[in-house]
Amino acid sequence: MGTDTARIELREVTKRYAGNVAVEGVSLSLAAGTVHALVGANGAGKSTIGKMIAGAVRADSGEILVNGETLNARSPREALSHGVTLISQELALVPELSVVDNVYLGAEFRRGYVLSTRRARRAFQELVVQSGFDLDPDTKVKDLGIADQQKVEILRAISRRAGVIVMDEPTSSLTADESERLHDVIRQLAANGATIVLVSHFLNEVLMLADTVTVVRNGELVSTGPASAETENTLITAMLGHAASADYAERHPVAAGAPTVLEVKNLRRNEALRDISLHIRAGEILGVAGLVGSGRTELARAIFGVDEVDGGTVTIDGVRLAKKPGPRTAIERGVVMLPENRKLEGLVMGESAAANVTLPYLRGRRGPIASMGWMRTRREQRQVAELLGELSIKPADPSAVVATMSGGNQQKVLFAKCLFRPPRVLLLDEPSRGVDVGARKSIHELINRIARQGTAVLLISSDLEEVLALSHRVLVLHRGSVAGEAPSSASMDEVMELAFGLPNGNRGISLGHTRSRA
Amino acid sequence: MSVQATEHHGRGDASTRAPEGVRRTRPGSAYLAREYGIALVVVALFVTLSIASPNFLTTDNLLNLLRQNAAIGIIACAGTLVVIAGGFDLSVGAVYFLSGIVAAWVAVHVSVPLGLLSGVVLGGVLGLVNGELATRLKISTFLATLATSLAFAGVGAALTKGFAISVADPSFAKFGNGGLGNLTYPVIIFVVTAVVLQVLLWRGVAGRYIFAVGGNAEAARNSGVRVDTIRVVTFVVSGIAAGLAGVLDASTVSSGGSDTGVSLPLTAIAAVALGGTSIYGGAGAVWRTVLGVLLLAMIANGLDLVSVASYYQDILKGALIVVAVAVNSLATSR
Ligand SMILES: Nc1ncnc2c1ncn2[C@@H]1O[C@H](COP(=O)(O)OP(=O)(O)OP(=O)(O)O)[C@@H](O)[C@H]1O
Ligand SMILES: [Mg+2]
């Protein structure tokens, strides 16, 4: 596939933030028509490298060459004029604009000063056909789930017909079948001569797609070589500096007489949730599987009270949540939710890790963290620091501003926020999104531990393997209804059949591949 | 609530390193410029004026400068909270005007203490009206307070029919003119307001909520914060401050309604912006607003002393605001 011309070359590129190394002396050469993967632990510097290539961040020193010409792009626009574009890890869309307007933002079709919506629409339809991502062009982006937002980003990048596309964790919130569609697109783009820089924590995705794999650790290049020479284990060892297994922890049994903690009856919300009932016992982990748009996220939001429901009840320890509940009442009753979109719904990006982690726990007259309306800052710092250390968050500094952390570390801060006090009910919407293999394992262990202590856990994940490995039972949703319930011993195919709404026993659809991460 | 630099301790095994071992290294220059740039400018101007004019660095002139800017200072400090929470309060001038009138009227017709009190309470009530209007009807705070500003000022004008209400009772004037030692009450109240609000932002739960609401309202709501309530509270605080300022100035001149306060809202926002508080909400500090107020005050006072015409002063103020906002946005972008 590849040719000998280096499309992009990095020479001794370094980027520091306030004296701290993000990327140090990295030299790389990316051939035209190839897929070049970047792997590494959270905070290793992958996104920073990607952003420097695409002009979103400027290198402090070193050179970036495109087709042999020096280009130290000062802006994404300048990089794009040289055929380089980026799908960023932190989705950067305009929420108030429609899907089609976001895709062509900055590259509008026009005649003079007049925009041509018709041509944009036609081009959009072609993109949809090419990619297989079916999106309604007129929906406002703010009304889309995170997976669909990710698809909009992907379509935008493809639409630029760029020679180089940096994809920073493009499949982190896609389901397996959607990831597969993207994989086809990537192969097709590479075959047409484009260079793809792929950042991913899914190692088998990397091994399957990439021609070359580069491993970075602590901002430095560890190795770069043909993907065919690597295995998941060699990559993990190179990334972490030591061997580690990606295996799942042992599932603990639910105590025989464990009481029901969360009970949901006939929950309805327009088209999104149709009469959903479920219960979770103390210490039990209930997985929720389903395709994107099947109502998984809507279910968690309805239970937590973010969205108003049309009918149905939520009961905790036998006592109903108020008729018109909201996150505030839910939290009061010991329910916490980890939302799917950390940037929009979960974290105050400009605030410190400590301020984010303790935000839900400042109420009450005599709390340990806040008392009579005043913060007990020292205690807060100490307790948060402990938790950050436990989750191996980097930096483990409670006063570090969240916006300056890498994506995976932000996700871990979000997780820390849910676990700062042991909750009664824990609603997890994609808890391990974007975290590396070691962190993913510690998050799984924490979920297990919190369940063992008697918390009822609802686990939503587009990673079916994760759902099956962690949950005691799996609830499968299809178009807002419960399609069925699978025991944890079910196979992925069985769950997928339910998720596609197929009658039991109808084989033929398989997951294609499983996903494991680093 | 600023971008802070922390030691990158990725070298070696970060996970085994104790969190106490975290060391701070040099923060970025843009960060420093935003945080302390205003202080530098204030000091530089202060020194320059002290050298340029023998009349500047005198106790009388400086006390006078503080006294003249106490009202705007109180208003701008409270306004900082509104801006951090993601709002604007354009009605402070009208609230100032109306509170002074009501205080004077009640002082004349009922009693002086009640008059002073009623002006401040009225400010709080008008702030509540602003906050509820904006949050319940979901109109932008900019438009909501623009509208109430017209209405409040209209009520004030209707009450006075264009004539200020003078208060003959000399005890009414004590609040604005009395003081402790060299410091008049307005100056003392300005300082106390600034300190209390800054400590609240740094150490209070309310401060945490205000930053969270301005930084990411949805995340705050999902964390159980009453977003609308917090926004309303900032408007009530701003209203009380404007009412207090109006009463103080009315007391100083023994009459209500002599100053319509039209220039106050924009001057307050200018001071807040000069202090590097983000106009988009989520970041800022009261102490820097105080410096913003002092900077504007020194430009007017000091340049008057060295007889620079007031239109040049305005050009300078405008240029400084642009610089401050630019520094701020550079500090937050990279
Ligand atoms: N704006 C910033 N200010 C300060 N430090 C930053 C900033 N952006 C990134 N960093 C730091 O640079 C390092 C590398 O971050 P980067 O986002 O490139 O990691 P990554 O490999 O993409 O990680 P992840 O897998 O978690 O996405 C991290 O230590 C991060 O904290
Ligand atoms: Mg990243």
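The shown structure was predicted, so the numbers you read here are calculated from the model rather than taken from an experiment.

1. Focus: the site of ligand 1
Then comes step 1: Surveying the vicinity of ligand 1 reveals 21 residues, the closest of which are A:G43, A:S47, A:T48, A:S406 and A:G408.
Then comes step 2: Neighbouring residues of ligand 1 are distributed over chains A and B.
Then comes step 3: A distance of 3.2 Å separates an oxygen atom of ligand 1 from a polar backbone atom of A:A44.
Then comes step 4: Within the side chain of A:S406, an N or O atom sits 2.6 Å from an oxygen atom of ligand 1.
Then comes step 5: Taking 640 Å² as the accessible area of ligand 1 by itself, protein coverage stands at 87%.
Then comes step 6: Of all the secondary-structure elements, those providing two or more residues to the shell around ligand 1 are α1 (46–53) and α14 (407–419) of chain A.

2. Digging into a positive patch on the surface
Then comes step 1: A surface patch of like charges, here positive, comprises A:R365, A:R366, A:R376, A:R379 and A:R382.
Then comes step 2: In this structure, A:R379 sits in helix α13 (residues 377–390).

3. Quick look at the pairing of strand β15 (residues 285–289) of chain A
Along any regular strand, the residues point their side chains to alternate faces of the sheet.
Residue and element names in this part refer to chain A.
Then comes step 1: Within β15, five of the five residues are buried, which leaves it mostly tucked inside the rest of the structure.
Then comes step 2: Here β15 runs beside strand β23 (residues 473–478); their pairing, made up of four bridges, is parallel. Bridging from a neighbouring strand, V288 pairs with L475 of β23.

4. Concerning the coordination of the magnesium ion (ligand 2)
Residues and elements named next belong to chain A.
Then comes step 1: The coordination sphere of the magnesium ion (ligand 2) contains the protein donors S47 (OG) and Q89 (OE1), at a distance range of 1.9 to 2.1 Å. Remark: Q89 occurs in the loop between β6 (84–87) and α3 (99–103) and S47 occurs in helix α1; sequence separation between them is 42 residues.
Then comes step 2: For S47, a relative accessible area of 18% corresponds to the buried category.
Then comes step 3: Assessed through its relative accessible area of 10%, Q89 is described here as buried.

5. Description of the nonpolar core
Residues and elements named next belong to chain A.
Then comes step 1: Ranked by internal contacts, the top residues of the largest apolar core, which has 85 residues, are F415 and I447.
Then comes step 2: Not counting chain neighbours up to four residues away, the residues in contact with I447 comprise I285, F415, L428, P431, V457, L459 and L470.
Then comes step 3: Membership of the second largest hydrophobic core comes to 48 residues, among which are V103, L144, I165 and V215.

6. Quick notes on helix α15 (residues 437–452) of chain A
All names here are of chain A.
Then comes step 1: The end-to-end C-alpha distance of α15 is 23 Å, a good match for the 22 Å that 16 residues give at a rise of 1.5 Å each.
Then comes step 2: All of the buried residues along α15 are V437, A439, R440, S442, I443, H444, L446, I447, N448, I450 and A451.
Then comes step 3: Here α15 starts with a cap whose side-chain oxygen sits 3.1 Å from the backbone nitrogen of G438, and that cap is D436.
Then comes step 4: After α15 finishes, the residue G454 shows a positive phi value of roughly 105 degrees.

7. What to know about the sheet that holds β23(A)
All names here are of chain A.
Then comes step 1: With mixed pairing, the six strands of this open sheet are ordered in space as β18-β21-β22-β15-β23-β24. Two strands close off the open sheet at either side, each with one partner strand: β18 (335–338) and β24 (481–487). Between one strand and the next, the sheet's axes are offset by a mean angle of 20 degrees, whatever the strand orientation.
Then comes step 2: In the packing of helix α9 (residues 296–304) onto the sheet, contacts are made with β15, β18, β21 (425–429), β22 (456–460) and β23, and the angle to β18 comes to roughly 150 degrees.

Criteria and thresholds
The residue numbering used here restarts from 1 in each chain and proceeds along that chain's sequence as written. Starting at A for chains and at 1 for ligands, labels are handed out in the order in which the entities are written. At least 70 in pLDDT is required for a residue's local features to be given in this predicted model, at least 80 for side-chain atom pairs to be given and counted, and no such filter applies to totals for whole chains, interfaces and linings, which use all residues. Only hydrogens and water are removed before side-chain values are computed, so all heavy atoms of the structure are retained for them. Put simply, a residue is near a molecule or strand once any heavy atom of it comes within 4 Å of that molecule or strand. Two N or O atoms count as a polar contact when they lie within 3.5 Å, although within protein this holds only if one can serve as hydrogen donor and the other as acceptor, and sequence-adjacent residues are included solely when both atoms are side-chain atoms. Each accessible area value is a Shrake-Rupley result obtained with a 1.4 Å probe; residue values ignore everything except the protein chains displayed when judging cover. Counting from the N terminus, the helices are DSSP H or I runs at least four residues long and the strands are E runs at least two residues long. Exposure above 30% relative accessible area and no salt bridge define the residues that can form patches, which grow by joining like charges within 9 Å and nonpolar side chains of Val, Leu, Ile, Met, Phe, Trp and Tyr within 5 Å. Each salt bridge in this description consists of a side-chain nitrogen of Lys or Arg and a carboxyl oxygen of Asp or Glu lying within 4 Å of one another. Only four residue types enter the tally: Lys and Arg on the positive side, Asp and Glu on the negative side; His and the chain ends are excluded. Note that the charge is assigned to NZ on lysines, CZ on arginines, CG on aspartates and CD on glutamates. Burial classes follow relative accessibility: with a 1.4 Å probe on protein chains only, a residue under 20% of its type's maximum area counts as buried, one over 50% as exposed, and anything between as partly exposed. We treat two strands as partners when DSSP finds at least two bridges between them. Each metal's donors are the N, O and S atoms found within 2.8 Å of it, except that Na, K and Ca use a 3.2 Å limit; water is left out, so coordination can look incomplete. As used in this record, nonpolar core signifies buried Ala, Val, Leu, Ile, Met, Phe, Trp, Tyr and Cys residues forming a set joined through side-chain atoms within 4.5 Å. By definition in these notes, contact holds between two residues if any of their heavy atoms fall within 4.5 Å. Multiply 1.5 Å by the residue count of a helix minus one, and that product is the helix's expected span. In this description, a line fitted to the C-alpha atoms serves as the axis of each element, helices being fitted only across the stretch in contact, and the angle between N-to-C directions of two axes falls anywhere from 0 to 180 degrees.

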